[in-house]
Amino acid sequence: MRIYEAADYRGMSRRAANIISAHVILKPACVLGLATGRTPVGAYQQLIEWYRKGDLSFRETRAVNLDEYRGLGPGHPQSYRFFMQEQLFSHIDIRPENTFIPDGLAPDADAECRRYNEVIRTLGGIDLQLLGIGRNGHIGFNEPGRAFELETHLVDLSASTRAANARFFPDGAEIPGQAFTMGIKSIMQARRILVAVSGAEKAEIVMRAFTGPVVPGVPCSILQLHPDVTLVGDRAALAALRKTGARICG
Ligand code: PGA
């Protein structure tokens, strides 16, 4: 595993964007696995800036997102489809038909999971999967305790995840209780994984993820078994990991 430390969120975002752009430049038709949440927003802004400058094009690139709330359609401001349009897709030249996110409104959840797995397979798998880490160790919506061998599936969201995500919903709005998520198996099949972390509140879980035992109670700990993981974090998020003596590049 490679670990890159940046001074702050901005530097971490720039480093993550650098790695993503390198993939797009070397393989324009690459398959990017993308994530939502607070962490990747800065990297997306950087990619948009490079696209606007003419340094980067996503015309051939395909994107598959990790997850989507069940019950929210693409026009819902808290849906992940909406987020991706707002934060990235509508600002770059990626073709809409090359962007994939589970359909939160699909009436048959099992059929939707099967369809999404087939989408990933038909694309030839994921070249680079971008991941944030939840404070409880989740990746995508794979909450602690879920089996490692699952592909896309429907999950009941934990109280802590719903509480953490309440900040994205207007006061009083109901947070969905379920979501579609790529499973740990789907994530682990990506050829490369890029984990982005920022802020002191992630320090403890980052340390447990990469130095603790690999256990379903800490879903992100499975990443220790992936052959090609790059972790980029700001100083605050990597502070506890650094104390363990982990080798960190500047
Ligand atoms: P965050 O979420 O980027 O908003 O911290 C990460 C996650 O929960 O996966």
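For the structure itself, look to the data block above.
Residues numbered from 1 in each chain as written. Predicted model: local features only at pLDDT ≥ 70, side-chain atom pairs only at ≥ 80, totals over all residues. Heavy atoms only, no water.

Draft legend 1. Seen up close, the layout of surface pockets. Of the volumes computed, that of the largest pocket is approximately 660 Å³. Around the largest pocket sit 32 residues that line it, and Gly37, His138, Asn165, Arg167 and Phe168 are the ones nearest its centre. Looking at the lining of the largest pocket, the elements with two or more residues in it are strand E4 (67–69), helix H3 (80–87) and helix H5 (159–165). The element best represented in the lining of the largest pocket is H5, accounting for four residues. Put simply, the second largest pocket is a space of about 210 Å³. Residue lining of the second largest pocket: Tyr9, Arg10, Gly11, Ser13, Arg14, Gly42, Gln45, Gln46 and Glu49, and that is the complete set. Listing elements by their share of the lining of the second largest pocket, those giving two or more residues are helix H1 (9–26) and helix H2 (41–52). Looking at which element gives the most residues to the lining of the second largest pocket, the answer is H1, with five residues. By residue class, the composition of the lining of the second largest pocket is one nonpolar, five polar and three charged. (1 Å grid on protein atoms, 1.4 Å probe; cavity = no way out; pocket = protein on both sides within 12 Å on 5 of 7 lines; lining within 4 Å. Points joined across faces, edges and corners; volume = space filled by probe spheres on them. Helix = DSSP H or I, 4+ residues; strand = E, 2+ residues; numbered from the N terminus. Nonpolar A, V, L, I, M, F, W, Y, C, P; charged D, E, K, R; others polar.)

Draft legend 2. Representation of the environment of Ala203. One can find Ala203 in helix H7 (residues 203–211). Classification of Ala203 by relative accessible area gives buried; the value is 10%. Those residues in contact with Ala203 that lie beyond four places of it in its chain are Ala236, Ala237 and Ala240. (Buried < 20%, exposed > 50% of the residue type's maximum accessible area, 1.4 Å probe, protein only. Contact = heavy atoms within 4.5 Å.)

Draft legend 3. Expanded view of the sheet that holds strand E6 (residues 128–131). Spatial ordering of the open sheet is given by E1-E10-E9-E6-E2-E3-E5, a layout of seven strands whose pairing is parallel. A single partner strand is all that each edge strand has here, and the edge strands are strand E1 (2–6) and strand E5 (99–100). The sheet contacts of H1 involve E1, strand E2 (31–34), E6, strand E9 (192–197) and strand E10 (229–234), and relative to E10 the element is tilted by about 155°. Docked against the sheet, helix H4 (residues 109–122) engages strand E3 (62–65) and E5, running at close to 150° with respect to E3. (Pairing = 2+ DSSP bridges. Axes fitted to C-alpha atoms, helices over the stretch in contact; angles between N-to-C directions.)

Draft legend 4. Structural detail: the site of the ligand. Residues in contact with the ligand, as listed here, are Gly37, Arg38, Thr39, Gly132, Ile133, Gly134, His138, Arg167 and Lys202. Side-chain polar atom of Thr39 to an oxygen atom of the ligand: 2.5 Å apart, as the coordinates give it. In the environment of the ligand, an oxygen atom lies 3.0 Å from a nitrogen or oxygen atom belonging to the side chain of Arg167. The fraction of the free accessible surface of the ligand (280 Å²) that becomes covered by protein chains is 86%. More than half of the atoms of the ligand fall within 2 Å of the grid points belonging to the largest pocket. Of the residues contributing to the shell around the ligand, the split by class is one nonpolar, five polar and three charged. (Near = heavy atom within 4 Å. Polar contact = N/O pair within 3.5 Å; in protein donor to acceptor, adjacent residues only side chain to side chain. Areas by Shrake-Rupley, 256 points an atom, 1.4 Å probe, with all protein chains shown as cover. Sits in = over half its atoms within 2 Å of the grid points.)

Draft legend 5. Seen up close, the pattern of salt bridges. Scanning all chains against the criterion turns up 13 salt bridges. In this structure, Arg242 and Glu5 form a salt bridge, with 3.3 Å as the shortest nitrogen-oxygen distance. Residue Arg242 is located in helix H8 (residues 235–243), and its partner Glu5 is located in strand E1; the two are separated by 237 residues in the primary sequence. Accessibility expressed as a relative area gives 43% for Arg242, which makes it partly exposed. (Salt bridge = Lys/Arg side-chain N within 4 Å of Asp/Glu carboxyl O.)

Draft legend 6. Quick look at the packing of H7 against H8. Look at H7 against H8: their axes get within 7 Å of each other, and the N-to-C directions meet at 45°. When the axis of H7 is compared with that of H8, the two are oblique. Helix-helix and strand crossings are classified by hand; for H7 and H8 the assignment is right-handed. Residues Ala203, Val206, Met207, Phe210 and Thr211 of H7 pack against Ala236, Ala237, Leu238, Ala240 and Leu241 of H8. Class assignment for the residues of the contact of H7 with H8 results in nine nonpolar, one polar and no charged. (Parallel < 35°, antiparallel > 145°, perpendicular 65-115°, else oblique. Left-handed = near helix turned anticlockwise from the far one by under 90°.)

Draft legend 7. Region of interest: empty space enclosed by the protein. Enumeration according to the criterion identifies one cavity of 30 Å³ or more in this entry. Approximately 30 Å³ is the volume attributed to the largest cavity. If you go around the largest cavity, the residues you meet are Leu32, Leu34, Leu47, Phe58, Ala63, Leu88, Phe89, Ile92 and Ile94. Split into classes, the residues belonging to the lining of the largest cavity amount to nine nonpolar, no polar and no charged.

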